[in-house]
Amino acid sequence: MSPLKPPRARRVAVVGGARVPFARSDGPYATASNQEMLTAALDGLVERHGLQGPGAVGEFVAGAVLKHSRDFNLARETVLGSTLDPRTPAYDVQQACGTGLQAVIAAANKIALGQTESAVAGGADTASDAPLGVNDRLRRILLEARRAKSPGARVKALAKIRPAHLVPDIPRNAEPRTGLSMGEHAAVTARAWGITREAQDELAATSHQRLAAAYERGFFQDLVVPFRGLARDQNLRPGSTVEKLAALKPVFGLDAPGPTMTAGNSTPLTDGAATVLLASEEWAGARGLEPLAYLTAYETAAVDFVGGDVAGGEDGLLMAPAYAVPRMLERAGLGIEDFDLVEIHEAFASQVLATLAAWEKRGLAPVDRARLNTAGSSLATGHPFAATGARVVATLAKLLAERGGPGRGLISVCAAGGQGVTAILERT
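Now for a quick tour of the structure. Owing to the predicted nature of the structure, the values given are computational and were not obtained by experimental measurement.

Moving on: the overall build of the chain. Check the secondary structure of the chain and you find 13 helices and 12 strands. At 22 Å, the chain has a C-alpha radius of gyration in line with the 22 Å of a compact globule built from 428 residues. When its C-alpha atoms are laid out on the principal axes, the chain stretches across 75 × 60 × 55 Å. Of the roughly 18000 Å² of accessible surface on the chain, a fraction of 54% belongs to carbon and sulfur atoms.

If you want it as structure tokens, here you go:
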């Protein structure tokens, strides 16, 4: 028997995207679940691209970072509650803020290998409806009672419960191994790289202004699905200026002189969901769907933000893209100058600026700011953790398609746990 030949990788097309407007936590979506938001985004994608009917899509891949136990099968339950064929298989992925982009990569790999012809990828997160855990001491007592062999032993175990055991474990925006929030980690990196307050505020103001301009010209008309009374991202402040942002007080890095990070140049806690449709060229062509762009490369990286060179800035929590992008570009034989557009997830303005500086330190050309986040990014839209990757892919693909000719775009997403997920989109 002759050995099987490895399949030849196919091009993976980004056909379109759909998301709900992103909302600040404890706002319009305060009672919306991950599943409800993700279903609304998926239904918008199904309607706009005619994905109804048996076998329309080969697979659905999605995830969430803040998940209730009821969300253990989030992607599949979303399919069952949507207008997509209920026979569509689905599975969850999770890589903190990189979840949405990793879902895209997972789906794209199967399409590239010929294992499926089309797939939808995405993610959702709600900071409003964050899961509350049972106090660990109470949990242990309840497990002891469950294991008890007699009613008396069960009563004895339950008698150990005290009022303090009834206090729930509330999720914290902190790294388990350091106890520092993402913002505090970013403040350390900002100091290491000498990122100024003025530069951060300028980046944040530009993000809001560019997102507002994109909405005004109708760019998001076929990307955003109205949901719960919102038609555009709630965090958007069209009138943002450097002067207004300069009036805000610092909220991170207060343990050192000259703190620079404020609520205005940091991403707020956000609720939302996003999806993106991927396919082979043949599948798209057979349905009369014009690809926006093609996903041609991707790379992940991680840094040692616990024991590495954190104070020096090299291994800051959000600095993994500083390593992933140069590796990816070297493998692809490209430089920063070969990209028409660059999309860097704006977890914090300081993190974007530190990443740009790190790329230059590693020998990459400076990024032309006119090509950076040209339709705004997370500082203006908000950042529902698992949804951001799909939002960025769909946005960048449409931006490339708008140009009307060949083009290339770079995606860089930092993630909790010292990780980074990056990708390249192209039009030929």
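Still more ground to cover, so stick around.
By the definition in use, this model includes four aromatic pairs. Seen from their ring centres, Phe 252 and Phe 348 are 5.9 Å apart, and the 90° between their planes marks the pair as edge-to-face. A residue pair is termed long-range when its members are at least 10 positions apart, and Phe 252 in strand β6 (residues 250–252) and Phe 348 in the loop between β10 (341–344) and α11 (349–361) qualify at 96 residues. Of the residues examined, Phe 348 reaches a relative accessible area of 6% and is grouped as buried. Pairwise contacts between aromatic rings join Tyr 215, Phe 219 and Phe 220 into one cluster. Against the face of Tyr 323 rests Arg 362, its NZ or CZ located 4.4 Å from the ring centre.

Here we take up the side chain of Ser 118. You can see Ser 118 is positioned in strand β5 (residues 118–125). Under the relative-accessibility criterion, Ser 118 is labelled buried at 2%. Within polar-contact distance, the side chain of Ser 118 engages the backbone oxygen of Ala 56 at 3.5 Å. In this structure the side chain of Ser 118 is engaged in a polar contact, spanning 3.5 Å, whose partner is the side chain of Trp 283. Excluding residues that lie within four positions of it along the chain, Ser 118 makes contacts with Ala 56, Val 57, Gly 58, Glu 59, Ile 111, Leu 278, Ala 279 and Trp 283.

Attention now moves to the pattern of salt bridges. Applying the stated criterion across every chain yields a total of 22 salt bridges. Put simply, Asp 368 and Arg 371 hold a salt bridge, and the shortest N to O gap is 3.8 Å. Asp 368 gets classed as partly exposed once you look at its relative accessible area, which sits at 40%. With a relative accessible area of 33%, Arg 371 lands in the partly exposed category. Linked through salt bridges whose partners overlap, the residues forming this network are Asp 136, Arg 139 and Arg 140.

On to unusual backbone geometry. Phi is positive for Asp 26, which is not a glycine, with a value near 60°. With respect to the element layout, Asp 26 can be found in the loop between β2 (23–24) and α1 (34–49). Phi at Asn 373 is positive, roughly 45°, even though this residue is not glycine. When you line up the elements, Asn 373 lands in the loop between α11 and α12 (378–381). Relative accessible area serves as the criterion here: at 3%, Asn 373 is assigned to the buried category.

So, on to the pairing of strand β3 (residues 60–63). Side-chain positions along a regular strand alternate between the two faces of the sheet. Burial of the side chains of β3 extends over both faces: Phe 60 and Ala 62 are buried on one face and Val 61 and Gly 63 on the other. Both β3 and strand β4 (residues 90–92) contribute to a ladder of three bridges, which runs parallel. Its bridge partner being in β4, Val 61 is matched across the sheet by Tyr 91. This β-α-β element, β3 to helix α2 (residues 74–80) to β4, shows right-handed connectivity.

Close contact between helix α7 (residues 197–216) and α11 brings their axes to 9 Å; oriented N to C, the two are set at 105°. When the interaxial angle is binned, α7 and α11 end up roughly perpendicular. Where α7 abuts α11, its residues Ala 199, Gln 200 and Leu 203 lie against Ala 349, Ser 350, Val 352 and Leu 353. Within the contact of α7 with α11, the residues separate by chemical class into five nonpolar, two polar and no charged.

The subject of this paragraph is the layout of surface pockets. Considered as a void within the structure, the second largest pocket measures approximately 400 Å³ in volume. Considering the residues around the second largest pocket, the lining is formed by 19 residues, among which Asn 173, Phe 252, Thr 267, Pro 268 and Leu 269 are closest to the centre. For the lining of the second largest pocket, the residue count by class is 10 nonpolar, eight polar and one charged.

This part takes up the nonpolar core. Grouped together as the largest cluster of nonpolar side chains are 47 residues, with contacts concentrated most on Leu 101, Phe 220, Val 276, Leu 278, Ile 411 and Leu 425. Among the nonpolar cores identified, the runner-up in size contains 37 residues, and Leu 38, Ala 40, Val 46 and Val 79 belong to it.

End to end, helix α6 (residues 182–193) covers 17 Å across 12 residues, agreeing with the expected 16 Å (1.5 Å per residue, within 8%). Buried within α6 we find Met 182, Gly 183, His 185, Ala 186, Ala 187, Thr 189, Ala 190 and Trp 193. Taken together, the buried residues of α6 touch β6, β7 (261–262) and α11. Remark: Gly 194 follows α6 within two positions and exhibits a positive phi of approximately 65°.

Now for the packing of helix α3 (residues 99–112) against helix α13 (residues 388–402). Between α3 and α13, whose axes approach to 5 Å, the crossing angle comes to 65°. From α3, Gly 100, Leu 101 and Val 104 reach across to α13, where they touch Gly 389, Ala 390 and Val 393. Among the residues forming the contact of α3 with α13, the class breakdown is four nonpolar, two polar and no charged.

Let us now look at the pairing of strand β9 (residues 293–302). Across three bridges, the pairing between strand β1 (residues 12–19) and β9 is antiparallel. Bridge assignment links Ala 13 to a residue of β9, and that residue is Tyr 294. Relative to strand β12 (residues 419–427), β9 is paired through eight bridges, and the arrangement is antiparallel. Within β12, the position partnered with Leu 295 by the bridge is Leu 425.

The rules we used
Residues numbered from 1 in each chain as written. Predicted model: local features only at pLDDT ≥ 70, side-chain atom pairs only at ≥ 80, totals over all residues. Heavy atoms only, no water. Helix = DSSP H or I, 4+ residues; strand = E, 2+ residues; numbered from the N terminus. Rg over C-alpha atoms; globule rule 2.2 N^0.38 Å. Areas by Shrake-Rupley, 256 points an atom, 1.4 Å probe, with all protein chains shown as cover. Phe/Tyr/Trp six-rings, centres within 6.5 Å; stacked < 30°, edge-to-face > 60°. Buried < 20%, exposed > 50% of the residue type's maximum accessible area, 1.4 Å probe, protein only. Lys NZ or Arg CZ within 6 Å of the ring centre and 35° of its normal. Polar contact = N/O pair within 3.5 Å; in protein donor to acceptor, adjacent residues only side chain to side chain. Contact = heavy atoms within 4.5 Å. Salt bridge = Lys/Arg side-chain N within 4 Å of Asp/Glu carboxyl O. Pairing = 2+ DSSP bridges. Right-handed = clockwise from strand over helix to strand, strands pointing away. Axes fitted to C-alpha atoms, helices over the stretch in contact; angles between N-to-C directions. Parallel < 35°, antiparallel > 145°, perpendicular 65-115°, else oblique. Nonpolar A, V, L, I, M, F, W, Y, C, P; charged D, E, K, R; others polar. 1 Å grid on protein atoms, 1.4 Å probe; cavity = no way out; pocket = protein on both sides within 12 Å on 5 of 7 lines; lining within 4 Å. Points joined across faces, edges and corners; volume = space filled by probe spheres on them. Core = buried A, V, L, I, M, F, W, Y, C linked by side-chain atoms within 4.5 Å. Expected span 1.5 Å × (residues − 1).

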